[in-house]
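Each chain, letter by letter, is given below.
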Amino acid sequence: MVKLTAVKDSIGRAARDRAGNANARGLVCVFAGATSNLGAGALEQVANILHDSTLYVLGRSATRFETQRQSLQSLNPSLKISFLETDVSLISGIDSACEEITRLEEKVDYLFMSQGCIPLTVPRYTKEGIDTCFALSYYSRVRLIFNLLPLLHRSPRPRVLSVLNGGKEKAVLESDLGLENTANYAPRAAINHTTTMMTLALETMSSSNKNITFMHAFPGLVATDNFARLSAPDSYGVIGRVVLALFSRFISIVQWLFGASASDCGARQAFLLTSDTFGPGKSWRIDEKSEPAGDSALLVEYREAGLSEKIWDHTLTVFEKASEVL
């Protein structure tokens with residue numbers, strides 16, 4: 001286990017050395033899912049380390065981000081912080097943001113992704129016809145990596161971090177990877193599918209991009225307001241809404257009592273991005289203590305059975321369908 005004190009010491013050293021550290025100057029970093037909770041904590045920690053660098057933050061509202069931007073700017077005036085207003089649940093939204101980054105930059109050094117939502121018992125679809133949970137937790141993340149690969153290759157030390165459920169992979173329904181059949185859809189199934197698909201997709205990309213460090217991290221229990229903000233769809237009815245509200249309140253209390261703070265969790269993610277603990281040449285699954293997660297018999301079985309290739313083909317098909325939506 002990497003103790004939190006060691007994580008913060010590492011970040012503190014990097015922060016103190018940032019002005020004279022060539023490796024912490026002139027970096028280009030892209031953040032998705034960093035306008036609240038652990039993502040915001042990670043963004044703040046990274047902002048405290050880097051010097052004369054550019055941070056691109058993807059999100060829905062520049063107005064709502066303004067207070068956060070001012071806080072980051074006061075923390076480190078040397079940073080250039082650009083907010084790209086886009087819907088990260090849409091493939092088209094990811095594409096437009098990546099087009100802007102590609103137009104302005106010659107490289108990307110860090111790509112951080114923590115966007116997501118809590119799946120309910122029924123799917124909720126984006127205008128591109130993709131369940132929102134899958135869109136945020138899986139498809140948008142793979143699309144971001146895919147689009148930014150050329151810029152990542154131009155970095156001397158490119159790193160990709162997807163914060164989701166690394167090390168918590170479970171069995172998936174191979175005949176319905178996207179759970180497009182609503183009879184197969186359930187909260188646990190959605191979590192299992194996006195988790196396992198994320199791990200195997202990162203392994204696929206890592207196999208042909210050996211100079212890039214790919215990481216799939218599990219943050220553990222974190223004190224966030226995700227459940228407090230959860231709203232039920234109309235199909236739930238009155239009783240369903242009451243049950244969901246009570247459940248959400250209970251989980252929120254558990255999170256605040258026993259979870260790590262967004263700042264502490266963010267520190268661990270900043271540590272993963274900026275330290276040399278995890279190097280290129282493979283895809284890392286990392287637990288909540290910032291340690292490599294052990295391999296699993298399930299993943300070995302899936303790799304040998306060719307599920308990685310099937311997931312990749314499925315993902316490209318979803319991308320193609322999304323691009324056809326006007």
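All of these numbers come straight from a predicted model, not from anything done at the bench.

**Q** Mind laying out the sheet that holds strand β3 (residues 80-85), listing which residues take part and the relevant values?
**A** Strand order in the open sheet made by the seven strands is β3-β2-β1-β4-β5-β6-β7, with parallel pairing throughout. Two strands in the sheet have a free side with no partner beyond their single neighbour: β3 and β7 (283-286). Within this sheet the neighbouring strands show an average axis-to-axis angle of 15 degrees, counted without direction.

**Q** Lay out empty space enclosed by the protein with the relevant residues and their values.
**A** It is the rolling of a water-molecule-sized probe over the atoms that shows where space remains empty. Following the criterion strictly, the structure yields one cavity of 30 Å³ or more and no others. Taken together, Ala217, Phe218, Arg268, Gln269, Leu272, Ile286, Asp287, Glu288 and Ser290 form the lining of the largest cavity. Sorting elements by how many residues they give to the lining of the largest cavity places helix α8 (residues 262-274) first, with three residues. Looking at side-chain class alone, the lining of the largest cavity contains four nonpolar, two polar and three charged residues.

**Q** Can you explain the environment of Ser140? Please cite residues and give values.
**A** As for its position among the elements, Ser140 is in helix α5 (residues 132-152). Its relative accessible area of 0% is what places Ser140 among the buried residues. The spatial distance from the C-alpha of Ser140 to the C-alpha of Asp87 is 10.0 Å, given a sequence separation of 53 residues. For Ser140, the contacting residues outside a window of four places in its chain are Val88, Ile91, Ile94, Gln115 and Ala135.

**Q** Can you tell me about the environment of Ser92, naming the residues and giving the values?
**A** As for its placement among the helices and strands, Ser92 is situated in helix α4 (residues 91-104). Between the alpha carbons of Ser92 and Val325 there is a distance of 9.3 Å; along the sequence they are 233 residues apart.

**Q** Residue-level account of the pattern of salt bridges, with values.
**A** Here the idea is simple: oppositely charged side chains can pair when their charged atoms come close. Taken as a whole, this structure holds 10 salt bridges when the rule is applied. Of the charged contacts in the structure, one is a salt bridge between Arg60 and Asp87, with a shortest N-O distance of 3.3 Å. Taken together, the residues span a long stretch of sequence, with Arg60 in the loop between β2 (54-59) and α3 (62-75) and Asp87 in the loop between β3 and α4 at a distance of 27 residues. Here Arg143 ties to Asp95 by a salt bridge, and the two come within 2.8 Å at their closest N and O atoms. With Arg143 in helix α5 and Asp95 in helix α4, this pair connects stretches of sequence that are 48 residues apart.

**Q** Can you lay out the side chain of Asp176 for me, pointing to particular residues and giving the numbers?
**A** Relative to the helices and strands, Asp176 is located in the loop between β5 (159-163) and α6 (187-207). In this structure the side chain of Asp176 is engaged in a polar contact, spanning 3.1 Å, whose partner is the backbone nitrogen of Asn181. Contacts of Asp176, omitting those with residues within four sequence positions, involve Asn181, Asn184 and His193.

Cut-off values and rules
- Residues numbered from 1 in each chain as written.
- Predicted model: local features only at pLDDT ≥ 70, side-chain atom pairs only at ≥ 80, totals over all residues.
- Heavy atoms only, no water.
- Pairing = 2+ DSSP bridges.
- Helix = DSSP H or I, 4+ residues; strand = E, 2+ residues; numbered from the N terminus.
- Axes fitted to C-alpha atoms, helices over the stretch in contact; angles between N-to-C directions.
- 1 Å grid on protein atoms, 1.4 Å probe; cavity = no way out; pocket = protein on both sides within 12 Å on 5 of 7 lines; lining within 4 Å.
- Points joined across faces, edges and corners; volume = space filled by probe spheres on them.
- Nonpolar A, V, L, I, M, F, W, Y, C, P; charged D, E, K, R; others polar.
- Buried < 20%, exposed > 50% of the residue type's maximum accessible area, 1.4 Å probe, protein only.
- Contact = heavy atoms within 4.5 Å.
- Salt bridge = Lys/Arg side-chain N within 4 Å of Asp/Glu carboxyl O.
- Polar contact = N/O pair within 3.5 Å; in protein donor to acceptor, adjacent residues only side chain to side chain.

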